[in-house]
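Fold and geometry: a report
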Amino acid sequence: MHWHILGAGSLGCLWAARLAAQQHSVYLIMRTANALAHHQAHPYVALSDPQFLHTQHYPVKAQLAEHPQPIKNLVLACKAYDAQAAIGQVAHRLSSDSLVILLQNGLGSQQAVQSMLPNTRCIAASSTEGAYLAAPLHTVFAGQGHIWLGDIVPSVTASAPAQLASLQAAGIPCSWATDIAPVLWRKLAMNCAINPLTVIYNCLNGQLRHYPAQINTLCDELQRLLCRAGQATAACNLHQQVWDVIDNTAANSSSMRQDTLQQRRTEISYITGFACAQSLALECETPTLHTIHRQLQKTLLEQGLPTT
Ligand code: NAD
Ligand code: KPL
């Protein structure tokens, strides 16, 4: 099977390596001619385990967005804030027969991409896998997890695409969700409750145990917001789940804190930014959420990082 992967970063290379290992034809879509030339000198992606005990190199091809080859299966593996521009560069290569898998965290970018591709099946992913780049095109599989996949525009007639079996056969641990929205909203709520405060207090996830009142109030508001957004299932038992994640990931730095510490742009607009916009649109009062969003923006500004 042919797979194009747009975004040769941590997750893009992880998906590329596993597909290439199963003899799929994998094409990375590179951002610049320079990156393409660099890859052509050594046309592989490398995949290491967290202890760097094993590093395997897998052959992948690469091309630029303007390449004329039609795209049948696309994995969009860029950050949420790059998703629309990236899709804009390859939209002419997609058709109504194409499948697009969106790996972006948060909410908002998936719907924006689907509206740019009204005739193409777009599938959102919610992933708990963890990966980082040790070097360009060398990804480290830092944390095992699971991926839920589901149609952004659900339809009663649509079943899982045939490609799902190929992903599973390639060792990508994914399952089909007939309704992905509750999965995405639940993850959004987790990310809103945990990630911004770890940046504001510059702390590990477990150290959020010092702020029980603030987190419980935030969870009250997020729970109300989810219910108002028609996501009562996702709102169920939210407080307990947030505390469980805090305890189970106590020694970890949240993804947003890692971005901040490495002076990288965060996905704030697709996490608290999206939640704040929804609370205004749905007239659901969430004062603590808005305060935390503003405090996060202030912290990012002080560190010279974008606030959107
Ligand atoms: P990353 O920054 O490592 O990789 C993104 C890549 O996309 C970069 O190499 C960037 O140059 C490239 N890119 C952006 N626009 C492009 C364009 N127009 N053309 C070609 N390339 C383009 O990001 P990541 O960590 O792989 O994360 C991707 C998404 O997955 C994010 O939304 C993230 O939140 C989510 N996610 C990541 C992890 C993880 O462990 N890395 C886990 C869960 C979810
Ligand atoms: O998903 C996470 C992240 O770091 O982005 C956690 C901390 C597990 C929940 O917000």
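Anything mentioned here points back to the structure above.
Looking only at helices and strands, one finds 12 helices and 12 strands in the protein chain. Taking 308 residues into account, the globule formula puts the C-alpha radius of gyration at 19 Å, and the protein chain, at 19 Å, falls close to it. Seen through its C-alpha atoms, the protein chain measures out along the principal axes to roughly 55 × 45 × 35 Å. Looking at the 308 residues of the protein chain, the share that counts as buried comes to 52%. Contacts in the protein chain between residues at least 24 apart in sequence constitute 69% of all its contacts with a sequence separation of at least 6. Accessible area for the protein chain stands at about 13,800 Å²; split by element, carbon and sulfur atoms hold 54% of it.

Let's shift gears to the packing of helix α7 (residues 212-228) against helix α9 (residues 238-248). At their nearest, the axes of α7 and α9 sit 9 Å apart, and the two run at 135 degrees to each other. In terms of orientation, α7 and α9 fall into the oblique class. As for how α7 packs across α9, the hand of that crossing is right-handed. Along the contact surface, α7 presents P212, I215, N216, C219, D220, L222 and Q223, while α9 presents L238, H239, V242, W243 and I246. Residue classes in the contact of α7 with α9 are distributed as 8 nonpolar, 3 polar and 1 charged.

For the coordinates displayed, the defined rule picks out 7 salt bridges. D259 is paired through a salt bridge with K79; the nearest N and O atoms lie 3.8 Å apart. Of the two residues, D259 sits in helix α10 (residues 255-261) while K79 sits in the loop between β6 (73-76) and α3 (83-90), which places them 180 residues apart along the sequence. Residue D247 pairs with R209 through a salt bridge whose shortest N-O separation is 2.9 Å. A residue pair is termed long-range when its members are at least 10 positions apart, and D247 in helix α9 and R209 in the loop between α6 (181-200) and α7 qualify at 38 residues. The exposure class of D247 is partly exposed, given its relative accessible area of 39%.

Around ligand 2 sit K187, M190, N191, I194, N195, N205, V245, S254 and S255, and those are all the residues in its vicinity. N191 is positioned such that a nitrogen or oxygen atom in its side chain is 2.8 Å from an oxygen atom of ligand 2. Take N195: an N or O atom from its side chain is 2.7 Å from an oxygen atom of ligand 2. For the shell around ligand 2, the element with the highest residue contribution is α6, accounting for 5 residues. Among the residues making up the shell around ligand 2, the classes are represented as 3 nonpolar, 5 polar and 1 charged.

Residue position: Q114 is located in helix α4 (residues 109-116). On the basis of relative accessible area, Q114 is assigned to the buried category, the value being 11%. Those residues in contact with Q114 that sit more than four places away from it in its chain are T120, C122, I152 and V153.

Strand pairing in a sheet relies on backbone hydrogen bonds, with the paired strands running either antiparallel or parallel. With respect to topology, 4 strands assemble into an open sheet ordered β4-β3-β10-β9, the strand pairing being mixed. Strands with a single pairing partner mark the edges of an open sheet, and in this sheet they are β4 (55-59) and β9 (130-135). For this sheet the average axis-to-axis angle between neighbouring strands, irrespective of direction, equals 30 degrees. Two elements, strand β3 (residues 44-48) and β4, share 5 bridges in a ladder whose sense is antiparallel. Directly across from A46, in β4, lies its bridge partner H57. Relative to β9, helix α1 (residues 10-21) is tilted by about 95 degrees, and along the sheet it contacts β3, β4, β9 and β10 (138-143).

Here we take up the packing of aromatic side chains. Tallied over the full model, the rule gives 2 aromatic pairs. For the pair Y201 and Y211, a centre-to-centre distance of 3.8 Å together with 5 degrees between the ring planes defines the contact as stacked. A residue pair is termed long-range when its members are at least 10 positions apart, and Y201 in the loop between α6 and α7 and Y211 in the loop between α6 and α7 qualify at 10 residues. Looking at R18, its charged tip hangs above the ring of F141, at a distance of 5.3 Å from the centre. One cation-aromatic arrangement involves R265 over Y81; the distance from NZ or CZ to the ring centre is 4.1 Å.

Once that is clear, we can look at the nonpolar core. Soluble globular proteins tend to bury their nonpolar side chains together. Ranked by internal contacts, the top residues of the largest apolar core, which has 59 residues, are L74, L76 and V242. For this core, the element with the highest residue contribution is α6, accounting for 11 residues. Counting only domains with at least three residues in this core, you end up with domain 1 (2-179) and domain 2 (182-302). Contacts of L76, omitting those with residues within four sequence positions, involve L6, A83, A86, I87, I101, L102, L103, Q104 and V113. The next biggest cluster of nonpolar side chains, apart from the first, holds 36 residues, and it includes L28, L36, L167 and C174.

About the cut-offs
- Residues numbered from 1 in each chain as written.
- Chains lettered and ligands numbered in written order.
- Predicted model: local features only at pLDDT ≥ 70, side-chain atom pairs only at ≥ 80, totals over all residues.
- Heavy atoms only, no water.
- Helix = DSSP H or I, 4+ residues; strand = E, 2+ residues; numbered from the N terminus.
- Rg over C-alpha atoms; globule rule 2.2 N^0.38 Å.
- Buried < 20%, exposed > 50% of the residue type's maximum accessible area, 1.4 Å probe, protein only.
- Contact = heavy atoms within 4.5 Å.
- Areas by Shrake-Rupley, 256 points an atom, 1.4 Å probe, with all protein chains shown as cover.
- Axes fitted to C-alpha atoms, helices over the stretch in contact; angles between N-to-C directions.
- Parallel < 35°, antiparallel > 145°, perpendicular 65-115°, else oblique.
- Left-handed = near helix turned anticlockwise from the far one by under 90°.
- Nonpolar A, V, L, I, M, F, W, Y, C, P; charged D, E, K, R; others polar.
- Salt bridge = Lys/Arg side-chain N within 4 Å of Asp/Glu carboxyl O.
- Near = heavy atom within 4 Å.
- Polar contact = N/O pair within 3.5 Å; in protein donor to acceptor, adjacent residues only side chain to side chain.
- Pairing = 2+ DSSP bridges.
- Phe/Tyr/Trp six-rings, centres within 6.5 Å; stacked < 30°, edge-to-face > 60°.
- Lys NZ or Arg CZ within 6 Å of the ring centre and 35° of its normal.
- Core = buried A, V, L, I, M, F, W, Y, C linked by side-chain atoms within 4.5 Å.
- Domains from an automatic or database assignment.

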